[in-house]
Amino acid sequence: MVRFPPKQQAQIASEVIEYVVARGGPATVVLVNGSGGPIEGWYKIFAPLAGFATVFAYNRPGVGGSSRPVVPQTGSHLVASLRAVLSAASLPPPYVLVGHSLGGLIVNLFARLHPSETTAVVLIEASSPSDVATLRRHENALQRALAFLVERIGSG
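Let me sum up the structure you'll find in this document. In this text, all values refer to a predicted model and were calculated from it rather than measured experimentally. Here the residue numbers are simple positions, counted from 1 along each chain's written sequence. Where local features are concerned, this predicted model is filtered to residues with pLDDT of at least 70; where side-chain atom pairs are given and counted, the filter is 80 or more; whole-chain, interface and lining totals use all residues. Side-chain calculation: all heavy atoms of the structure are included, whereas hydrogens and water are not.

A word on the pattern of salt bridges
Once their charged atoms are close, side chains differing in charge can pair, the charge on each being opposite to the other.
Phase 1 of the analysis: By salt bridge we mean one thing: a side-chain nitrogen of Lys or Arg within 4 Å of a carboxyl oxygen of Asp or Glu. In the structure shown here, the tally under the stated rule is two salt bridges.
Phase 2 of the analysis: For the salt bridge of R83 with E117, the shortest nitrogen-to-oxygen distance reads 2.6 Å. Of this pair, R83 sits in helix α2 (residues 75–88) while E117 sits in the loop between α3 (102–113) and β6 (118–124), and the two are 34 residues apart along the sequence.
Phase 3 of the analysis: With relative accessibility at 31%, the residue R83 sits in the partly exposed group. Numbering of helices and strands runs from the N terminus; a helix is a DSSP stretch of H or I covering at least four residues, while a strand is a stretch of E covering at least two. Using a 1.4 Å probe on the protein chains alone, a residue whose accessible area is under 20% of its type maximum counts as buried, one over 50% counts as exposed, and one in between counts as partly exposed.

See the structure below:
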């Protein structure tokens, strides 16, 4: 079993964010999980990266030991809270941002909003901003009908 550094927490606005840091080198690698994925999802690469870099991973609100989300988890909020928890962990930029699945959207937006804080972006099976439109083109009749019903119920 892979051992992670002790988990820490930071109070970021009205949310508590759980994170781990291994200080192993001058570059800072920031690991951003997919939807619902915990810190432990990085078990295969965390220790090898920590052999030559400082490695940071965190649980977004609603995952692991982080608090439940209390505000909408918009892209801009996710980027702002990531920057705040990196600051709370005393990890100054620049960063090598690594995003898996939904995490790819977050690191993509981070890099676009803060290019001077970004050294590189690594996308692992990452979601794309155009995925929603692409997926809709592949829905079957039942999926379209259910989506229609959900939309009607939500707007009524």
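Having seen the structure, we can now continue with the description.
Thoughts on the packing of α2 against α3
Phase 1 of the analysis: With their axes 9 Å apart at the nearest point, α2 and α3 run at an angle of 75 degrees to one another. By the angle between their axes, α2 is roughly perpendicular relative to α3. Where α2 approaches α3, its residues G75, S76, L78, V79, L82 and R83 are matched on the opposing element by I106, L109, F110 and L113. Under this scheme, a helix contributes an axis fitted over its contacting stretch, all axes are lines through C-alpha atoms, and angles between N-to-C directions fall in the 0 to 180 degree range. For classification, angles of less than 35 degrees are called roughly parallel, those exceeding 145 degrees roughly antiparallel, those between 65 and 115 degrees roughly perpendicular, and all remaining angles oblique. Note on definitions: a residue-residue contact is assigned when non-hydrogen atoms from the two residues lie within 4.5 Å.

Some points on the environment of I106
Phase 1 of the analysis: You can see I106 is positioned in helix α3.
Phase 2 of the analysis: Residue classification places I106 among the buried positions, given a relative accessible area of 4%.
Phase 3 of the analysis: Residues I106 and S130, spaced 24 residues apart in sequence, show a C-alpha to C-alpha distance of 14 Å.
Phase 4 of the analysis: Discounting residues that sit within four places of it in the chain, I106 has contacts with V32, Y58, R60, L78 and V79.

Re the layout of surface pockets
Empty space left among the atoms is revealed by rolling a probe the size of a water molecule over them.
Phase 1 of the analysis: Using protein atoms alone on a 1 Å grid, points that fit a 1.4 Å probe yet trap it form a cavity, whereas open point sets bounded by protein on both sides within 12 Å along at least five of seven lines form a pocket; residues with an atom within 4 Å of a point count as lining. Grid points are joined across faces, edges and corners, and a volume is the space filled by probe spheres set on the points. Estimated volume of the largest pocket: approximately 170 Å³.
Phase 2 of the analysis: Forming the walls of the largest pocket are N33, G34, G37, P38, G41, W42, Y43, K44, I45, H100 and I124.
Phase 3 of the analysis: Think of it as three bins: nonpolar holds Ala, Val, Leu, Ile, Met, Phe, Trp, Tyr, Cys and Pro, charged holds Asp, Glu, Lys and Arg, and polar takes everything else, Gly as well. Residue composition of the lining of the largest pocket, by class: five nonpolar, five polar and one charged.

Brief notes about a nonpolar patch on the surface
Phase 1 of the analysis: Within the patch definition used here, like charges are joined within 9 Å and nonpolar side chains (Val, Leu, Ile, Met, Phe, Trp, Tyr) within 5 Å, considering only residues with over 30% relative accessible area and no salt bridge. Residue-level accessible areas treat just the shown protein chains as cover; the underlying method is Shrake-Rupley with a 1.4 Å probe. Among the surface-exposed residues, L142, L146, F148, L149 and I153 lie close enough to one another that they form a single nonpolar patch of about 550 Å² accessible area.
Phase 2 of the analysis: Looking at where F148 falls in the secondary structure, it is placed in helix α5 (residues 141–155).

What to know about the sheet that holds strand β3 (residues 28–32)
Phase 1 of the analysis: Pairing is mixed across the open sheet formed by six strands, whose spatial order is β1-β2-β4-β3-β5-β6. In this open sheet, the two edge strands, each paired with only one partner strand, are β1 (8–12) and β6. Across this sheet, the average inter-strand angle for adjacent strands is 25 degrees, counted without regard to direction.
Phase 2 of the analysis: Any two strands with at least two DSSP bridges between them are considered paired. Relative to strand β2 (residues 15–22), β1 is paired through five bridges, and the arrangement is antiparallel. Its bridge partner being in β2, Q8 is matched across the sheet by Y19.
Phase 3 of the analysis: Strands β1, β2, β3, β4 (54–59) and β5 (95–100) of the sheet are contacted by α2, whose axis makes an angle of about 125 degrees with β1.
Phase 4 of the analysis: Of the strands in this sheet, β3, β4, β5 and β6 are in contact with α3, which crosses β5 at around 150 degrees.

Points about the pairing of β2
Phase 1 of the analysis: Among the eight residues that make up β2, seven are buried, leaving the element largely enclosed by the rest of the structure.
Phase 2 of the analysis: Connecting β1 to the next strand, β2, in antiparallel fashion are two residues, including A13 with a positive phi near 55 degrees.
Phase 3 of the analysis: Note: β2 against β4, five bridges, orientation antiparallel. Directly across from A22, in β4, lies its bridge partner V55.

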